[in-house]
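Structure at a glance
Each chain, written out:
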Amino acid sequence: MVLGASMMAVSVLLTASCSEAFVQDPVDLVNPLMGTASDFRLSTGNTYPAIALPWGMNFWTPQTGTKGDGWQYTYGAHTIAGFKQTHQPSPWINDYGCFSVMPVRLQEGQTPEMMLAEDARRSFFSHQSETALPYFYRVYLADHDVSVEITPTERAAVMRLTFPESNASGFVIDSYGGELQIVDDRTIIGSTSYNHGGVPENFRNWFIIRSDKAFVLTASEEGHTAIVGFSTRRGEQVNLRMASSFISASQAEANLQEAGGSFDEVKSAAKARWNEVLGRIAIAGGTPEQQKTFYSCLYRCTLFPRKFYEISGGRQVHYSPYDGLVHDGPLYTDTGFWDTFRALLPLTNLVYPEVGREIVRGLANIARENDFLPEWASPGHRDCMVGNNSASVVAGAALAGLVSDEDLQVLYKALVYGTEHSHPGIESSGRYGHEYYNSLGYIPCDVGINESVARTLEYAYDDWCIARIAALLGRPQEEIALYEGRSGNWRNVFDPGMNLMRGRKADGSFEEPFSPYKWGGAFTEGNSWHYTWSVFHDVPGLVAAMGGKENFEKMLDSVFVVPPVYDDSYYGYRIHEITEMQVADMGNYAHGNQPAQHMIYLYDCIGERDKAAARAREVMDRLYKPVPDGYCGDEDNGQTSAWYVFSAMGYYPVNPASGEFAKGAPLFSRVEVRK
Ligand code: CA
């Protein structure tokens, strides 16, 4: 296998020049605003500044959008309405369990009640008086003459407010439709069940806010929004300590202990934690801009999936969004495996194996709490995207030796169940169309199941993953052979006449009419040019099916050469991913969305390493910058960033579960993975 020839061990990767020093304090190179200059029509990342610890249960972000807007912070906005505890993985998935705090200073003629409305309390701000780092955010709120600083722990935060001279300073708490109670002159507790799905009936986020200055002024509106206030002298600082829990109000108070230190103590601990995590990949050389891009991307790779567990009496415990009960052990959430199985989870397992191990322990817990593994979790099953790529996540971790036998047995059982069932009501979990796939070997395009080729291709790869797990567990030979056999099902949607993947009808004939430029239909957020390469586990097989290396290379070249024309009739409008392909000026290559992201590295799999290196370098140089419009499409919970991190190191996991890598074009003179 040609890919195998490129396999490499990873420790010290390159030692071309030992004269340059490794970057110090990598966290200070991170720009959390990378990707925030986005809107629903054109994504340059669709990110928000997550002020958080790595994989933290709670993130904090300034809120420029209106309540409920998935675009909660956008670089072009002029005003801020609050500082929000957020769990949002993506604007398309939106938020849950959130609340916000907004410092205010009343002016002549204003009453406290007037500040409760979101638009009334808004303040202008400028990026010139804003500092955004993973562990520290500061902004000046011009209309209130208040400076806000935030520093996080995993489940809590400290907010330091610097007020003007006023007898009506204070802050508004917005529970996002939940409940609030002012329990004493320094403490507010509340809870919210705000969500967009994926939660049981009893879902709730309990929060507590404790001020180190007593309130004298209070007002509230229907218990959802409240304001508290006090007199301040100019430059007076007030610290708010905030924490929450998905388990209970008393657990929220326990979680508040994380933020027990002074603002500066919490901040320096947060900075040290980020440097420890980002410093796992040490780099030397490259340009300052490349170093900033690298660590800004690595920051995005270490946010999701987030810890959804808490610590009680020294033990990990979690509220399960799958059965509504509280259980022992870890749980992670807020990730779409359709995106993140490709490079993010392989990166996590390689660089942060202790986190990869815990994520899969969490998946085993989910398998104990309900019948299905999640495919898009936020916090529970969400109906989004296709495939059954939890199989890849489990197989990748298992093959890396990160899964206990006991957990692997439980996970295998859930994976097998998923091959024969579709989640009732959540088409994304389990396998929608499994009846056709398991009997015909593909999902027909004319039986009312959308995106049938994308589903077939991903199920086939997922079956390869399941076969690997079956082999690890020593399952009977015929069982291993069943999934091994199904892993060849990609051949059933391959049209040898066109050398492209193509919709296929139940009677065996190919879909007519056919356009490789048509997005959606038989494919998911992509077209045949993009999906033809989704045979991660059998590149030599795909090469052979196309009639050999020359044909394969010609088809691969064509993706970059054909014009960026498109057919959007399936959607009825030009989805943003299409626009992002067009503006990138790389033909039909769509780096801004996930199906294409391994494609460049297929050149290395056929021995054309120079082509792989040139294309990878072009994408790194042009499509990633450490600036607000620095991504070329949705960042998607670490996946698009993981492409850059791997590519900058000089290699990429074409088959995400295998532990094998194709080679590209390293950016730095030295890279060291320090585990
Ligand atoms: Ca995407």
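Starting afresh in each chain, residues are numbered from 1 along the sequence in its written order. Two thresholds apply to this predicted model, a pLDDT of at least 70 for residue-level local features and 80 or more for giving and counting side-chain atom pairs, whereas whole-chain, interface and lining totals are computed over all residues. For the side-chain quantities, the full set of heavy atoms in the structure was used; hydrogens and water were omitted.

Details of the overall build of the protein chain
Under the convention used in this document: Strands are runs of DSSP state E lasting at least 2 residues, helices are runs of H or I lasting at least 4, and numbering of each runs from the N terminus. Within these notes, the globule rule equals 2.2 Å times the number of residues to the 0.38 power, and the radius of gyration is based on C-alpha atoms. Between buried and exposed lies partly exposed: a residue is buried under 20% and exposed over 50% of the maximum accessible area for its type, with that area taken using a 1.4 Å probe on protein chains only. Residues are treated as being in contact if the distance between any of their heavy atoms lies within 4.5 Å. Think of it this way: Lys and Arg go in the positive column, Asp and Glu in the negative one, and His and the chain ends go nowhere. Note on charges: their place is set at NZ of Lys, CZ of Arg, CG of Asp or CD of Glu.
What the protein chain contains, in helices and strands, is 20 helices and 30 strands. Taking 26 Å as the expected radius of gyration for a compact globule of 675 residues, we find that the protein chain reaches 25 Å, a close match to that expectation. Split into buried and exposed, the 675 residues of the protein chain put 65% on the buried side. In the protein chain, of all internal contacts separated by at least 6 residues, the share reaching a separation of at least 24 is 70%. The average position of the 54 basic charges and that of the 81 acidic charges among the side chains of the protein chain differ by 4 Å.

A word on the side chain of Arg486
Defined as follows: A pair is scored as a salt bridge if a Lys or Arg side-chain nitrogen falls within 4 Å of a carboxyl oxygen belonging to Asp or Glu. We define a polar contact as two N or O atoms separated by no more than 3.5 Å, with the added condition that, inside protein, one atom must be a possible hydrogen donor and the other a possible acceptor, whereas residues neighbouring each other in sequence contribute only through side-chain atom pairs.
Counting through the fold element by element, Arg486 comes out in helix H13 (residues 477–486). Of the side chains bearing the opposite charge, Asp463 lies closest to the buried Arg486, which forms no salt bridge; the N-O distance is 5.1 Å. Looking at Arg486, its side chain comes within polar contact range of the side chain of Asn438, at 3.4 Å. In this view, Arg486 contacts Thr419, Tyr437, Asn438, Ala460 and Asp463; residues no more than four positions away in its chain are not counted.

Some words on the sheet that holds strand S20 (residues 309–312)
Selection rule: A strand pair is defined by DSSP finding two or more bridges across the two strands. To define axes, lines are fitted to C-alpha atoms, for helices over the stretch in contact only, and angles between the resulting N-to-C directions are given on a 0 to 180 degree scale.
Pairing is antiparallel in the open sheet, where three strands are placed in the order S20-S21-S22. In the strand order of this sheet, the two ends are held by S20 and strand S22 (326–328), each with one partner. Mean inter-strand twist for the sheet, computed between neighbouring axes without regard to direction, equals 40°. One ladder, built from three bridges, connects strand S21 (residues 315–319) with S22; its direction is antiparallel. When the sheet's bridge partners are listed, Val317 is paired in S22 with Asp328. Here helix H8 (residues 353–369) sits on the sheet and contacts S20, S21 and S22; the angle it forms with S21, its principal contact strand, is near 50°.

Quick notes on the packing of aromatic side chains
Put simply, the rule reads: Each aromatic pair joins two rings of Phe, Tyr and Trp (for Trp, the six-membered one) with centres within 6.5 Å, and gets the label stacked for planes under 30 degrees apart, edge-to-face for over 60, and tilted for any other angle. Two limits define a charge over a ring: the Lys NZ or Arg CZ must be within 6 Å of the ring centre, and within 35 degrees of the ring normal.
All told, the structure shown has 43 aromatic pairs when counted by the stated rule. A centroid spacing of 6.2 Å and a plane angle of 75° characterise the contact between Phe646 and Tyr652, whose relative ring orientation is edge-to-face. Considered together, Phe646 and Tyr652 belong to a single accessibility category, that of buried residues. Taken together, the aromatic side chains of Tyr601, Tyr624, Tyr631, Trp643, Tyr644, Phe646, Tyr651, Tyr652 and Phe661 make up a single cluster linked through ring pairs. The ring of Tyr176 carries Lys67 above its face, with NZ or CZ at 5.2 Å from the centroid.

Concerning the environment of Ile209
The topology assignment puts Ile209 in strand S14 (residues 205–211). It is 15 Å that separates the C-alpha atoms of Ile209 and Gly178, two residues lying 31 residues apart in sequence. Not counting chain neighbours up to four residues away, the residues in contact with Ile209 comprise Phe99, Val101, Phe171, Ile173, Arg186, Thr187, Ile188, Leu240, Arg241 and Met242.

Side note on the pairing of S20
As paired strands, S20 and S21 are joined by four bridges and run antiparallel to one another. Bridge pairing in S21 places Glu310 opposite Val317. Counting the residues that bridge the hairpin from S20 to S21 gives two residues, and of these Gly313 lies at a positive phi of roughly 60°.

Notes on the coordination of the calcium ion
How we decide: Metal coordination here is assigned from N, O and S atoms located within 2.8 Å of the ion, or within 3.2 Å for Na, K and Ca; omission of water means that sites may look incomplete.
Bound to the calcium ion on the protein side are Asn593 (OD1), Gln594 (OE1) and Asp636 (OD), at distances that span 2.2 to 2.3 Å. Each donor residue of the calcium ion lies on the same chain, and together they follow the pattern N-Q-x41-D. Taken together, the positions of Gln594 in the loop between helix H17 (576–583) and helix H18 (602–605) and Asp636 in the loop between helix H19 (609–623) and helix H20 (639–649) put the pair 42 residues apart, joining distant regions of the chain. A residue is classified by how much of its surface remains accessible, and Gln594, at 1% relative accessible area, is buried. Residue classification places Asp636 among the buried positions, given a relative accessible area of 12%.

Regarding the nonpolar core
What counts is decided by this rule: Residues belong to one nonpolar core when they are buried, are Ala, Val, Leu, Ile, Met, Phe, Trp, Tyr or Cys, and are joined through side-chain atoms within 4.5 Å.
In this structure, Phe171 and Phe294 are the most contacted members of the largest nonpolar core, which totals 205 residues. Per-element tally for this core: the top contributor is helix H12 (residues 452–472), with twelve residues. Among residues more than four places away in sequence, those in contact with Phe294 are Ile281, Ile283, Tyr644, Val645, Ala648, Met649 and Phe668. Core analysis: the next-biggest nonpolar cluster, separate from the first, contains five residues, Trp519, Ile578, Met581 and Ala590 among them.

Details of the confidence of the model for the protein chain
Applicable threshold: On a range of 0 to 100, pLDDT expresses the predictor's confidence in each residue.
For the protein chain, the average pLDDT comes to 96, and 97% of its residues sit at 70 or higher. Below pLDDT 50 for its whole length, residues 1–17 participates in 42 contacts with residues either more than four positions away or in separate chains.

With respect to the pattern of salt bridges
When charged atoms on two side chains of opposite charge get close, those side chains can pair. With the rule as written, the count across this model stands at 37 salt bridges. A salt bridge links Arg160 to Asp264; its shortest N-O distance comes to 3.6 Å. With Arg160 in strand S10 (residues 156–162) and Asp264 in helix H4 (residues 263–278), this residue pair connects regions lying 104 residues apart in the sequence. Here Arg160 falls in the buried class, since its relative accessible area comes to 13%. What makes Asp264 partly exposed here is its relative accessible area of 43%. The closest approach of N and O atoms between Glu608 and Lys549, which form a salt bridge, is 2.5 Å. Here Glu608, found in the loop between H18 and H19, pairs with Lys549, found in helix H16 (residues 549–561); they are 59 residues apart in sequence, far enough to count as distant. Relative accessible area serves as the criterion here: at 22%, Glu608 is assigned to the partly exposed category. In this structure Lys549 comes out as partly exposed when scored by relative accessible area, which is 34%.

Some remarks on the sheet that holds strand S4 (residues 82–86)
Taken in spatial order, the six strands line up as S2-S4-S5-S11-S16-S15 in an open sheet, and their pairing is antiparallel. Each of the sheet's edge strands pairs with one partner strand only, and the pair in question is strand S2 (59–63) and strand S15 (217–221). Strand-to-strand twist in this sheet, taken as the mean axis angle between neighbours without regard to direction, amounts to 20°. Alignment of S15 against strand S16 (residues 225–232), held across five bridges, turns out to be antiparallel. Within the sheet, the bridge partner assigned to Glu221 lies in S16 and is Thr225.

Some points on helix H5 (residues 288–301)
What counts is decided by this rule: By definition here, a helix of n residues has an expected span of 1.5 Å times n minus one.
Between its terminal C-alpha atoms H5 stretches 20 Å, which fits the 20 Å expected from 14 residues at 1.5 Å a residue. Counting buried positions over the 14 residues of H5 gives eleven, a clear majority of the element. What H5 keeps buried is the set Gln290, Gln291, Thr293, Phe294, Tyr295, Ser296, Cys297, Leu298, Tyr299, Arg300 and Cys301. Close packing links the buried residues of H5 with H4, strand S18 (281–284), helix H7 (344–351), H19 and H20.

A short note on the side chain of Thr302
Inspection of the secondary structure puts Thr302 in the loop between H5 and strand S19 (306–307). The exposure class assigned to Thr302 is buried, which follows from its relative accessible area of 0%. From its side chain, Thr302 meets the backbone oxygen of Leu298 in a polar contact 3.0 Å long.

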